[in-house]
Amino acid sequence: MAKVIAPAAAVSGKVPGATWIYRFEQGSASMRDLLGGKGAGLAEMTRAGLPVPDGFTITTEACLAFYRNARALPPGLAEDVRAHMTILERNTGKSFGGRENPLLVSVRSGARVSMPGMMDTILNLGLNDQTVEGLAALTGNARFAWDAYRRFVQMFGKVVLALDGEHFEHVIAERKRAEGVKSDPELSAEGWRAVVAAFKDIIARESGAAFPQDVYAQLFRAIEAVFDSWNSKRAIDYRRFNKFPDDWGTAVNVVSMVFGNMGDDSGTGVAFTRNPSTGERALFGEYLTNAQGEDVVAGIRTPMAIAELEQRQPGVYGQFIEIAGKLERHYRDMQDMEFTVERGKLYMLQTRSGKRAAEAAVKIALDMVDEGLISRQEALRRVGAESLNQLFHARIDPREHFEVAATGLNASPGAATGAIVLDADTAVAWAAAGRAVVLVREETAPDDVHGMISAQGVLTAKGGATSHAAVVARGMGKPCVAGCEELSIDARARTVTIGGKTLREGDPITIDGTSGRVILRGLTLIPPPSELPAWLARFLGWADEARRLEVWANADTPEDARRARELGAQGIGLCRTEHMFFGEDRLPIVREMILSDTPEARAQALERLLPFQRDDFSGILEAMAGCTVTIRLLDPPLHEFLPPYEDLLVETTELRLRYGENDARFLEKQRILERVRQLHEQNPMLGFRVCRLGIVYPEIYAMQVRAIVQAAVGLRRRGVDARPAIMIPGVGNLREMEFTAEHARATVAKTFEELGAEAFEIQVGTMIELPRACMVADQLAGVAEFFSFGTNDLTQTTLGYSRDDAEASFIPRYLELKILAEDPFQVLDREGVGALMRIGAERGRAARAKLKIGICGEHGGEPSSVAFCDTLGLDYVSCSPYRVPIARLAAAQAALERAGKREGADQD
């Protein structure tokens, strides 16, 4: 298990003068880092006079001290807890461990950011064989008391003692069969009493110790368990996915219990002030009568819509609507609220900024600006740039004809198709092997989060729109259908039954999280449209006004270029010419060129390739009329265009044995085999490729440059404003830059002359992808008119990692061991690669003040990398077409952050 990294300045034990516990009335919303989101929300609601049960919060600093103290409560904390429990007893008029009027509490986690279901909660703590009798007598409801006791024993066994929940569920199922009832609320008091006795037997047998009757022993072990859950596998996986630091820790909230399972005038619910999937300005949520909170969140029972509460308890509903509006106005954000109704009285248990799908995030931000709640700048900060990726979800091809086998709740939008998997570990294993999978579960638990990350989508039999599956899937941007009542799972047989039909694990399935439909076969999915909806275009228009960086795109085809432009790209930062050579009509000519023995033969083959290249360039330049299209000359080693050596060896051997060594077919294959052998390299990534090709075979680059000029001139004669730029790849020293640039410029001039065309500017620059190029950038800038950082190769050559090998071998382990904080091929390595980029940019502009500099690696669409490029003063980032909206927002957020820091410095 990974260890929490405590701040370097911290020491074991309590820091003199530090406070580890705050009563709710002592805290505030500003103390989120110390009290966690839940604790800060409870404190703020208490200060606002809302109906909140009494309690206190143990801080995140205490959690970090717990880990420094070998995962035991640090000295002094137990005494502080006892003191605050005494205050809680006085305030509530109840006695913790007392039989006559027992005080019961919940022990809840609460990190500074919302991590739904990732850490643990224990309810009804303080019940034992004595207090349960007192609770039954006090309430006059023995069934309620014993139901509460069995819930506590069950939670204690699962959370504190880490026992398998199946032990307990089996007992409940058997008891319901014995009494002839179908649901938990129908079980009798005697039934629950028997269940409690069985649960205690399970705990004694499985843990080797009796269930503790001492209430303070229960409390201290529960606090330790919640602290421990910060480092559970599911919490670590969730933090890694969301890029949350490991050294935050979790707070623990000890709250006096209120009960939603005291009858039909009681209940529990979860609600959002606006729809978290669509952003609609209407209360959205669910409510369960005669239930406790975990029943809703865990999906144990399928709840009713929150609106039905108005019919059942209109007074409670009206009060809740009023509180919800007050909280949203106070926080100026959509709120996620948990509440309990105990015998007709409303209690607020939590408020926090609600998790929301990307569409909802944008629409809520737009609406709140229109409502005057927030500014445009705040709206831009509110929406996570990476979350915009969710807006481009796949959907089922409308030409597909299919039968809907079942329908559940449309819990998270988008469609997914893949093989059925029934557990999280299988999902991870199959996905790692390249299979698309859909995770199918009775209901997801926090321990399933790693499987949800690997799956294309999630389908559950139980739960609602606020269940664990729904909340986590929405946060990840994964499609989810929840509460599909026609789904049953046989875990032993590894089969599922949906709509009366049985499928095996591995069979294909399709889910539509937008409509809630389930289809029992794989369907063709259509990628999302490239055209921006009006609401998103408006929002990104605000981003464009705020940002400094331009956003370009990487595109190799006219279709990609058009898509990028529709999504807001202002130019093409990388057009890879090698992809154009693999077409069926071109590859034979490319191979002929490679196999040529003389420059003349090579030139003849290249002359036949030129029209193909010209047409390719013409299409992209026309699609991007009025914008720069940066065309990178041939980059990969030539052997990539030839058949694999091993395949050729087999073919030549077969031809020789069948037809003899004088056969023309054998001799041709033998010639190709020999050429492949000549081109073979031990390390081709650092071998005969990039500008080295253009220097040894200048006729290759000359053909490409001629094709670029011919395409641009042809378009301009038609009135199309074509603006090509030529990029030389892999330059590492001045002479390489001079040689390739001189030849390119000479070819440009000669082609203009041959065409009888008036010359126009075609800049020649280079891709900076070697550490040495960064160090001699001042020399290169004397020749190159622009730089583009190729951070894919620059990362490889700086770290000495082969991307193709590293990401499949040691990088996952490095991330797990915290040797690397992020995958450097996904998130820019600022200390190494970033430092070289800074050197390259500064030295390049020292030599050429107006040098245009951009980035065209995959990092150009990753938000934190975009922010770094903004701090370097780059002119543009370039990314894949679908990441253009992400980069537009990330660039705006970077500019706003920079402006905020500048304002803060001015105030200082």
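Residues numbered from 1 in each chain as written. Predicted model: local features only at pLDDT ≥ 70, side-chain atom pairs only at ≥ 80, totals over all residues. Heavy atoms only, no water.

**Some points on the overall build of the protein chain**
Here is step 1: For the protein chain, the helix and strand inventory stands at 34 helices and 31 strands.
Here is step 2: Relative to the compact-globule value of 29 Å for 908 residues, the protein chain shows a C-alpha radius of gyration of 32 Å, a close match.
Here is step 3: Projected onto the principal axes, the alpha-carbon positions of the protein chain cover approximately 105 × 75 × 50 Å.
Here is step 4: Buried residues in the protein chain amount to 55% of all 908 residues. (Helix = DSSP H or I, 4+ residues; strand = E, 2+ residues; numbered from the N terminus. Rg over C-alpha atoms; globule rule 2.2 N^0.38 Å. Buried < 20%, exposed > 50% of the residue type's maximum accessible area, 1.4 Å probe, protein only.)

**So, the packing of aromatic side chains**
Here is step 1: Inspection of every chain in the model, using the stated rule, returns 22 aromatic pairs.
Here is step 2: Between Trp146 and Tyr149 the ring centres are 5.7 Å apart and the planes differ by 45 degrees, which places this aromatic pair in the tilted class. Of this pair, Trp146 and Tyr149 both sit in helix α5 (residues 142-160), separated by three residues, roughly a single helical turn.
Here is step 3: An aromatic cluster of at least three residues, connected via ring pairs, comprises Trp146, Tyr149, Phe152, Phe156 and Phe211.
Here is step 4: Over the ring of Trp430 we find Arg435, and its NZ or CZ is 4.3 Å from the ring centre.
Here is step 5: Above the plane of the ring of Tyr659 lies Arg665, whose end atom (NZ or CZ) is 3.9 Å from the centre. (Phe/Tyr/Trp six-rings, centres within 6.5 Å; stacked < 30°, edge-to-face > 60°. Lys NZ or Arg CZ within 6 Å of the ring centre and 35° of its normal.)

**Notes on the packing of helix α20 (residues 587-595) against helix α21 (residues 599-623)**
Here is step 1: As a packed pair, α20 and α21 sit with axes 8 Å apart at the nearest point and diverge in direction by 155 degrees. By the angle class used here, α20 and α21 are roughly antiparallel. Every pair of crossing elements has a handedness; the one defined by α20 and α21 is left-handed. Seen from α20, the contacting residues are Ile589, Val590, Glu592 and Met593; seen from α21, they are Arg602, Ala605, Leu606, Arg608, Leu609 and Phe612.
Here is step 2: Among the residues forming the contact of α20 with α21, the class breakdown is seven nonpolar, no polar and three charged. (Axes fitted to C-alpha atoms, helices over the stretch in contact; angles between N-to-C directions. Parallel < 35°, antiparallel > 145°, perpendicular 65-115°, else oblique. Left-handed = near helix turned anticlockwise from the far one by under 90°. Contact = heavy atoms within 4.5 Å. Nonpolar A, V, L, I, M, F, W, Y, C, P; charged D, E, K, R; others polar.)

**Quick look at the sheet that holds strand β25 (residues 572-576)**
Here is step 1: If you trace the eight strands once around the closed barrel, you get β24-β25-β26-β27-β28-β29-β30-β31, paired in parallel fashion. Adjacent strand axes in the sheet meet at a mean angle of 30 degrees when their direction is disregarded.
Here is step 2: Note that strand β24 (residues 550-554) and β25 share two bridges and pair parallel. Following the sheet pairing, Ala553 is matched in β25 by Ile572.
Here is step 3: Here α21 sits on the sheet and contacts β25, β26 (628-632) and β27 (723-728); the angle it forms with β26, its principal contact strand, is near 150 degrees. (Pairing = 2+ DSSP bridges.)

**Quick word on the pairing of β26**
Here is step 1: With respect to burial, β26 is a largely interior element, four of its five residues being buried.
Here is step 2: With three bridges joining them, β25 and β26 adopt parallel strand pairing. Bridge pairing links Cys575 to Ile631 in β26.
Here is step 3: As judged from the five bridges shared by β26 and β27, these two strands associate in the parallel manner. Counted as the bridge partner of Ile631 is Ile726 from β27.

**Some points on the environment of Ile708**
Here is step 1: On the secondary structure map, Ile708 appears in helix α25 (residues 698-717).
Here is step 2: The exposure class of Ile708 is buried, given its relative accessible area of 0%.
Here is step 3: With 70 residues separating them in the primary sequence, Ile708 and Leu638 have C-alpha atoms 21 Å apart.
Here is step 4: Excluding anything up to four places from it in sequence, Ile708 contacts Phe617, Leu621, Ile631, Leu633, Pro724 and Ile726.

**Concerning the side chain of Ser229**
Here is step 1: Residue placement: Ser229 occurs in helix α8 (residues 215-229).
Here is step 2: A polar contact is formed between the side chain of Ser229 and the backbone nitrogen of Asp120, at a distance of 3.2 Å.
Here is step 3: Sequence-distant contacts of Ser229, that is, excluding residues within four places in its chain, are made with Met118, Met119, Asp120 and Ala235. (Polar contact = N/O pair within 3.5 Å; in protein donor to acceptor, adjacent residues only side chain to side chain.)

**Section: unusual backbone geometry**
Here is step 1: Despite not being glycine, Lys243 has its phi angle at roughly 60 degrees, a positive value.
Here is step 2: Turning to its location among the elements, Lys243 is positioned in the loop between α9 (233-242) and β5 (251-256).
Here is step 3: Take Lys243: its relative accessible area is 44%, and that puts it in the partly exposed class.
Here is step 4: Although it is not a glycine, Arg332 adopts a positive phi angle of roughly 55 degrees.
Here is step 5: On the basis of relative accessible area, Arg332 is assigned to the partly exposed category, the value being 33%.

**Some details on the pattern of salt bridges**
Here is step 1: If you walk through the whole model with that rule in mind, you get 61 salt bridges.
Here is step 2: Linking Arg175 and Glu179 is a salt bridge whose minimum nitrogen-to-oxygen distance equals 3.4 Å. Of this pair, Arg175 and Glu179 both sit in helix α6 (residues 166-179), four residues apart, which is roughly one turn of that helix.
Here is step 3: The class of Glu179 is partly exposed, set by a relative accessible area of 27%.
Here is step 4: With a closest N to O distance of 2.9 Å, Glu816 and Arg813 form a salt bridge. Here Arg813 and Glu816 lie together in helix α31 (residues 811-816), a separation of three residues that amounts to about one turn.
Here is step 5: Of the residues examined, Arg813 reaches a relative accessible area of 42% and is grouped as partly exposed.
Here is step 6: Three or more residues are tied together by salt bridges with common partners; here these are Arg143, Asp147, Arg150, Arg151, Lys176 and Asp184. (Salt bridge = Lys/Arg side-chain N within 4 Å of Asp/Glu carboxyl O.)

**A word on the nonpolar core**
Here is step 1: In terms of nonpolar packing, the biggest core is built from 128 residues, with Phe539, Ile726, Phe787, Phe789, Met837, Leu874 and Leu889 touching the most fellow members.
Here is step 2: Sort the elements by how many residues they give to this core and α25 lands first, with 11 residues.
Here is step 3: The residues touching Phe539, leaving out its near neighbours within four places in the chain, are Val362, Ala365, Leu366, Ala379, Leu380, Val383 and Leu889.
Here is step 4: Grouped together as the second largest cluster of nonpolar side chains are 90 residues, Met118, Val153, Val171 and Val449 included. (Core = buried A, V, L, I, M, F, W, Y, C linked by side-chain atoms within 4.5 Å.)

**Quick look at the side chain of Thr751**
Here is step 1: If you trace the backbone, Thr751 turns up in helix α26 (residues 734-755).
Here is step 2: Within the local environment of Thr751, its side chain forms a polar contact with the backbone oxygen of Thr747, the two atoms lying 2.7 Å apart.
Here is step 3: Excluding residues that lie within four positions of it along the chain, Thr751 makes contacts with Arg706, Val709 and Gln710.

**Some words on α26**
Here is step 1: For α26, with 22 residues, the first-to-last C-alpha span of 31 Å sits near the 32 Å given by 1.5 Å per residue.
Here is step 2: Those residues of α26 not exposed but buried are Glu736, Met737, Thr740, Ala741, Ala744, Thr747, Val748, Thr751 and Phe752. Looking straight down α26, one finds its buried side chains confined to an arc of 135 degrees; they lie on one side. Seen from the open side of α26, the exposed residues pointing more than 90 degrees away from its buried face are Lys750 and Glu753.
Here is step 3: Next to the buried residues of α26 lie α24 (691-696), α25, β27, β28 (764-768) and α28 (777-781).
Here is step 4: Backbone nitrogen of Arg735 and a side-chain oxygen of the N-cap are separated by 3.0 Å at the start of α26; the cap is Asn733.
Here is step 5: Remark: Gly756 follows α26 within two positions and exhibits a positive phi of approximately 65 degrees. (Expected span 1.5 Å × (residues − 1). Arc of directions from axis to C-beta.)

**Observations regarding the sheet that holds strand β19 (residues 495-498)**
Here is step 1: The strand order across the open sheet formed by three strands is β18-β19-β20, and the pairing between neighbours is antiparallel. This sheet does not close on itself; its edge strands, each paired only once, are β18 (487-490) and β20 (501-504). Averaged over all pairs of adjacent strands, the angle between strand axes in this sheet comes to 25 degrees, irrespective of strand direction.
Here is step 2: In this structure, β19 lies alongside β20, joined through four bridges in antiparallel fashion. Following the sheet pairing, Val496 is matched in β20 by Leu503.

**With respect to the environment of Glu442**
Here is step 1: Tracing the backbone shows Glu442 in the loop between β15 (437-441) and α16 (449-454).
Here is step 2: In contact with Glu442, other than residues within four places in its own chain, are Thr460, Ala461, Lys462 and Ile489.

**Quick word on the environment of Gln292**
Here is step 1: Along the chain, Gln292 falls in the loop between β7 (284-289) and α10 (293-297).
Here is step 2: Accessibility expressed as a relative area gives 2% for Gln292, which makes it buried.
Here is step 3: Between the alpha carbons of Gln292 and Leu123 there is a distance of 8.8 Å; along the sequence they are 169 residues apart.
Here is step 4: In contact with Gln292, not counting residues within four places along its chain, are Leu123, Asn124, Arg151, Met257, Phe259, Asn261 and Thr268.

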